Amino acid sequence: QSALTQPPSASGSPGQSVTISCTGTTSDIGAYDYVSWYQQHPGKVPKLMIYEVSKRPSGVPDRFSGSKSGNTASLTVSGLQAEDEADYYCSSYAGTNIWGVFGGGTKLTVL
Amino acid sequence: QITLKESGPTLAKPTQTLTLTCTFSGFSLTTSGVGVAWIRQPPGKALEWLAVINWKDDKRYKSSLKTRLTITKDTSKNQVVLTMTNMDPVDTATYYCAHRPAGGGYYFQDWGQGTLVTVSS
């Protein structure tokens, strides 16, 4: 199964909003509302930020939001803060035989 | 509190078989909907989903690695084991196990700390 496509980098100034895209196909993102997003700081374990397209786990700030349109999912970080600087990975369910696929990751820089 | 911890060799030789164990607490793999997955990350590269096993003992594998991977569970020990055959230097990565919670979703809520496996002769 092919990886989902993410831009390698994104950036924004503190307080601004930034949106990271994640493009899949009609077999994964386009077929299921099971997109999730993970934040990973350097040397750290990935942390779930968004699941099922737009749901936030307990403890994740509401500055983080997710959406989907067709085969593309998006993660928006509003009111950027220095601690948001990290790598972000999208993931999608891709059917019973393939199950899961990740994107290539996006490095978010807070300027 | 849910915890997962990976264990196994930190070094493997090419062609060898790697066996990694994920020992978890705070949830049960007998609960409907629950699963445990293995995910790896080569140094400086992206996450890569490898395999998942669920409460019904259903197993799924990344298609390109299917012939090399085996995932099993021991519910009495709260462990999930991943076996990968014919190791190669490109398999050098941090290997994570992760918890898929009950509820029908396909995401990983809790992760182990990861274990770095280096493949080298």
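Residues numbered from 1 in each chain as written. Chains lettered and ligands numbered in written order. Predicted model: local features only at pLDDT ≥ 70, side-chain atom pairs only at ≥ 80, totals over all residues. Heavy atoms only, no water.

1. Side note on the pattern of salt bridges
All told, the structure shown has eight salt bridges over all chains when counted by the stated rule. Of the charged contacts, one joins A:Arg63 and A:Asp84 as a salt bridge, the two residues approaching to 2.6 Å between their closest N and O atoms. Here the residue A:Arg63 occupies a position in the loop between β4 (47-50) and β5 (64-69), and A:Asp84 occupies one in the loop between β6 (72-77) and β7 (86-93), the gap between them amounting to 21 residues. A single burial state applies to A:Arg63 and to A:Asp84, both of which are buried. The salt bridge involving B:Arg68 is made with B:Asp91; its shortest N-O contact spans 2.6 Å. Of this pair, B:Arg68 sits in the loop between β6 (59-61) and β7 (69-74) while B:Asp91 is found in the loop between β8 (79-84) and β9 (93-100), placing the two residues 23 residues apart along the sequence. Take B:Arg68 and B:Asp91: they sit in the same class, and that class is buried. Because the salt bridges share partners, they merge into one network encompassing B:Arg40, B:Glu48, B:Lys62, B:Arg68 and B:Asp91. (Salt bridge = Lys/Arg side-chain N within 4 Å of Asp/Glu carboxyl O. Helix = DSSP H or I, 4+ residues; strand = E, 2+ residues; numbered from the N terminus. Buried < 20%, exposed > 50% of the residue type's maximum accessible area, 1.4 Å probe, protein only.)

2. Points about the pairing of strand β3 (residues 18-25) of chain B
Pairing of strand β1 (residues 3-7) of chain B with β3(B) involves five bridges; the strand directions are antiparallel. Of the residues in β3(B), the one forming a bridge with B:Lys5 is B:Thr23. (Pairing = 2+ DSSP bridges.)

3. Focus: the side chain of B:Asp110
Note that B:Asp110 resides in strand β10 (residues 110-111). There is no salt bridge for the buried B:Asp110, and the closest opposite charge comes from A:Lys47, which lies 11 Å off by N-O distance. Ignoring sequence-local partners within four residues, the contact set of B:Asp110 consists of B:Ile2, B:Leu4, B:Cys97, B:Ala98 and B:His99. (Lys, Arg positive; Asp, Glu negative; His and termini not counted. Contact = heavy atoms within 4.5 Å.)

4. Describing the sheet that holds β8(B)
All names here are of chain B. Across the sheet, four strands lie side by side as β1-β3-β8-β7; this open sheet has antiparallel pairing. In this open sheet, the two edge strands, each paired with only one partner strand, are β1 and β7. Across the sheet, the axes of successive neighbouring strands diverge by a mean angle of 20 degrees, strand direction being ignored. (Axes fitted to C-alpha atoms, helices over the stretch in contact; angles between N-to-C directions.)

5. Side note on the state of the cysteines
All names here are of chain A. Under the definition given, this model contains two disulfides over all chains. Each sulfur in the disulfide pair Cys22 and Cys90 lies 2.0 Å from the other. The disulfide joining Cys22 to Cys90 has a torsion of about 75 degrees about its S-S bond and is therefore right-handed. Highlighted residues: Cys22 in strand β2 (residues 18-23) and Cys90 in strand β7, separated in sequence by 68 residues. Of the two residues examined, Cys22 and Cys90, each falls in the buried class. (Disulfide = S-S within 2.5 Å.)

6. Describing the interface of chain B and chain A
Counting residues at the interface gives 23 residues for chain B and 21 residues for chain A. Of the roughly 1,900 Å² buried at the junction of chain B and chain A (both faces included), carbon and sulfur atoms supply 64%. Of all residues in chain B, B:Leu47, B:Tyr106 and B:Tyr107 give up the largest surface area on contact with chain A, accounting jointly for 35% of the area buried on that side. The tally of links from chain B across to chain A stands at zero salt bridges. Across the chain B-chain A interface, the total number found is six residue pairs in polar contact (both at pLDDT 80 or more). Elements supplying a minimum of two residues to the side of chain B that touches chain A: β4 (35-41), β5 (48-54), β6 and β9 of chain B. In terms of residues, the side of chain B that touches chain A owes the most to one element, β5(B), which gives three residues. Of the residues belonging to the side of chain B that touches chain A, the class tally is 11 nonpolar, seven polar and five charged. (Buried area = accessible area lost by both parts, 1.4 Å probe. Polar contact = N/O pair within 3.5 Å; in protein donor to acceptor, adjacent residues only side chain to side chain. Nonpolar A, V, L, I, M, F, W, Y, C, P; charged D, E, K, R; others polar.)

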